Amino acid sequence: MNNTFSSAEKFSGYFQPTFETNLSVMKKTKVKHPFWVMVSKEISDQVTSWRFIVMILLIVLTCMGSLYTALGQFAKSSASVGSDSFFFLKLFTLSDGTLPPFIIFISFLAPLLGISLGFDAINSEYNRGTLSRILSQPIYRDYIINAKFMAALMVVSFLFFTLGLLVIGCGLIALGIPPSSDELFRILFYLIISIVYVAFWLNLSILFSVTFRQPATSALSGIAVWLFFSVFYNMIIELLAKGLAPRGMVTEQQIVNFQNGILNLMRLNPSQLFSDANITLLMPSVRSLGALTMSQVEGALPTPLPLGQSLLMVWPQVTGLIAGTILLFAISYYLFMRQEIRSR
Amino acid sequence: MSEIMVELVNLTKKYKSFTAVDQINLSVKKGEIFGFLGPNGAGKSTTILMMLGLTEPTEGKVEVCGINPTRYPIEVKRKVGYLPEDVGFYDNRTGLYNLVYTAMLNRIPEEEARKKALELFQLVGLEGVENKKAGQYSRGMRQRLGLADVLIKNPEMIILDEPTSGIDPQGVKSFLDLILRLRKEQGLTILFSSHNLHQVEQVCDAVGIFSKGKLIAAGDIPTLSKQVFNDETHSLEDVYNQFFEGGNQDE
């Protein structure tokens, strides 16, 4: 279980330090640790694979599209947009209705990216007959699954930071207004949470790759879960809500309780957690994620929240996502360590 | 020469109700080519997996190079090369890359690994295809690449699990010659598992005959012959047939 702990560290935004230790290991000693040998092979496998190139093209194209429409909106209604603070964050959230904004695209494509990076992690090694060969080398068995996860995570982190910084750069050029430090940190936290979200789906697909022998089965299962959560889950909850809605004479408090109950059910969906976190971070004017009674709202000033408060508000969501990610990794780790590896 | 490389005592492996390996006692001396002979599913591969610490024995003791592989698999795997049955390579990478990768997993620096790999390509007779993708190799070439892959970590002992299955007769002959040469030149201990009687007889100094999870006989061919027929002139084939006559009648 030592490992689960260290993966917790990996999630909470420790990507840079780990990468630096990698470099320093390479510099100091000539012999690279087998784990990093495996990680660098996995990274080069990922980066040169066709599916990764296709995914990148898809993501970059959609992001360019949404950035374009966001900038168009800026030009049209700069007067109204400019009047409020957090001008820069609008780059990520603004849309004219033809194309969804940046954050919607990312929350839609991130699971797909995670699934495509992990669905054949273990089973393809098994099917190629390389797993038993690698396992007969003097390395610990968990290196294999850890290296796969680490490599995919590093690729995703690199991709998302590049993408985020590119959007900031484009925004700078187009708008000519630099982001405030508050905005910059909000964007950075948003990127980190997106990486955690991809890691969640990555671990789900690694889990399927440990369980299913056929990569096609594992990919389809991953996509099925993704579709379930992105399309059907909310429909089911809405049906449920219709059936359970309080009727007749009800107090305001009852309605609020009901609303919050339904929202909590929605939050079993990882994409709901992710979008809660996004909205709070990128729209500082969001002051609550649930329903409030009139008495609670009374006297509140409609000012944007400071970064610390926004972070505090999404903390449960972020913790939930990280916990889910670790849980999935722990399950696949356990299953993989117990599997007997024979040749094909 | 009498140093013991492998020692198995009452080794047993059970999968739920099925006993794959049943009370095996065996020892392999240093520098010996030892054959595991027996039909498919007789427990040869499972025994090998336990010797590498890839699966845990239900009962009994294993010792390889004086180390318990169940508790210290890494140390054993550092000294023992294992060529699995139907070995796989990263098909989209060159043969050379596959070898260098294995070497680097054994903590050999990249430069040295590359040099060593090129030497091994010569040794196993694969010179000229180093930079071809492993996916384009023929079956026989893959087995040779597998042998090179096993040798790159400078092992004290190598375990070959059905290394000749699926190769044409000419390929088998040169593969076996290669094994004999390795033992002669490098003094390697070789464990050779096969269901092919003639191949085992050609190369092995001593043989263990497996059947239904049990080791029914072990020793060099004259000893086995004496054990069964009371004289040393019979071939391995005669011995083997004698053992499996009962088995054949069952079916």
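**A few points about the overall build of chain A**
Assigned secondary structure in chain A consists of 16 helices and zero strands. Counting all 344 residues of chain A, 34% fall into the buried class. Sequence separation of at least 24 residues holds for 82% of the intrachain contacts in chain A that already meet a minimum separation of 6.

**Some thoughts on the confidence of the model for chain A**
Mean pLDDT over chain A stands at 83; residues scoring 70 or higher make up 86%. Between residues 1-21 of chain A, whose pLDDT stays under 50, and residues either more than four places distant or in other chains, the model counts 22 contacts.

**Some thoughts on the packing of helix H7 (residues 102-118) of chain A against helix H11 (residues 181-211) of chain A**
All names here are of chain A. Here H7 crosses H11 at 40°, and the two axes come no closer than 7 Å. When you trace H7 past H11, the crossing you get is right-handed. Judged by residue contacts, Ile106, Ala110, Pro111, Leu113, Gly114, Ile115, Leu117 and Gly118 of H7 engage Ser194, Tyr197, Val198, Ala199, Phe200, Trp201, Leu202, Ser205, Ile206 and Ser209 from H11. The residue inventory of the contact of H7 with H11, partitioned by class, reads 13 nonpolar, five polar and no charged.

**With respect to helix H16 (residues 307-338) of chain A**
In this model, H16 of chain A (32 residues) spans 44 Å end to end at C-alpha, consistent with the 46 Å of a helix rising 1.5 Å per residue. At Val314 of chain A, H16 of chain A shows its strongest bend, of approximately 50°, with the proline Pro316 of chain A following within four residues.

**With respect to the sheet that holds strand S4 (residues 59-64) of chain B**
Residues and elements named next belong to chain B. The antiparallel open sheet is built from three strands, whose spatial order is S2-S1-S4. Across the chains shown, the open sheet's two edge strands, defined by having one partner strand only, are strand S2 (18-29) and S4. Along the sheet, successive strands turn relative to each other by an average axial angle of 15°, direction set aside. Where strand S1 (residues 4-15) lies against S4, five bridges are found, and the strand directions are antiparallel. In the sheet register, Val6 faces S4, and the bridge partner there is Val64. In the packing of helix H1 (residues 44-51) onto the sheet, contacts are made with S1, S2 and S4, and the angle to S1 comes to roughly 115°.

**Examining the environment of Gln227 of chain B**
Relative to the helices and strands, Gln227 of chain B resides in helix H8 (residues 221-229). Gln227 of chain B sits 15 residues away from Lys212 of chain B along the chain, and the two C-alpha atoms are 20 Å apart.

**Digging into helix H3 (residues 95-105) of chain B**
Because an α-helix completes one turn every 3.6 residues, residues spaced three or four positions apart along the sequence face the same direction. For H3 of chain B, a buried count of 10 out of 11 residues is recorded, marking the element as mostly surrounded by other parts of the structure. If you check which residues of H3 of chain B are buried, you get Gly95, Leu96, Asn98, Leu99, Val100, Tyr101, Thr102, Ala103, Met104 and Leu105 of chain B. Along its buried surface, H3 of chain B packs onto helix H3 (34-48) of chain A together with helix H4 (110-123) and helix H5 (139-151) of chain B. In the segment just after H3 of chain B, Arg107 of chain B is the residue with positive phi, at about 60°.

**With respect to unusual backbone geometry**
All names here are of chain B. Even without glycine at this site, Lys16 takes up a positive phi of about 50°. Its location among the elements puts Lys16 in the loop between S1 and S2. One non-glycine residue, Asn154, lies in the positive phi region at around 50°. Within the element layout of this structure, Asn154 appears in the loop between H5 and strand S6 (157-161). Note on Asn154: 14 C-beta atoms within 10 Å, which makes it partly exposed.

Conventions and cut-offs
Residues numbered from 1 in each chain as written. Chains lettered and ligands numbered in written order. Predicted model: local features only at pLDDT ≥ 70, side-chain atom pairs only at ≥ 80, totals over all residues. Helix = DSSP H or I, 4+ residues; strand = E, 2+ residues; numbered from the N terminus. Buried ≥ 20, exposed ≤ 12 C-beta atoms within 10 Å, placed from the backbone. Contact = placed C-beta atoms within 7 Å. pLDDT = per-residue confidence, 0-100. Axes fitted to C-alpha atoms, helices over the stretch in contact; angles between N-to-C directions. Left-handed = near helix turned anticlockwise from the far one by under 90°. Nonpolar A, V, L, I, M, F, W, Y, C, P; charged D, E, K, R; others polar. Expected span 1.5 Å × (residues − 1). Bend = angle between axes of the 7 residues up to and from the residue. Pairing = 2+ DSSP bridges.

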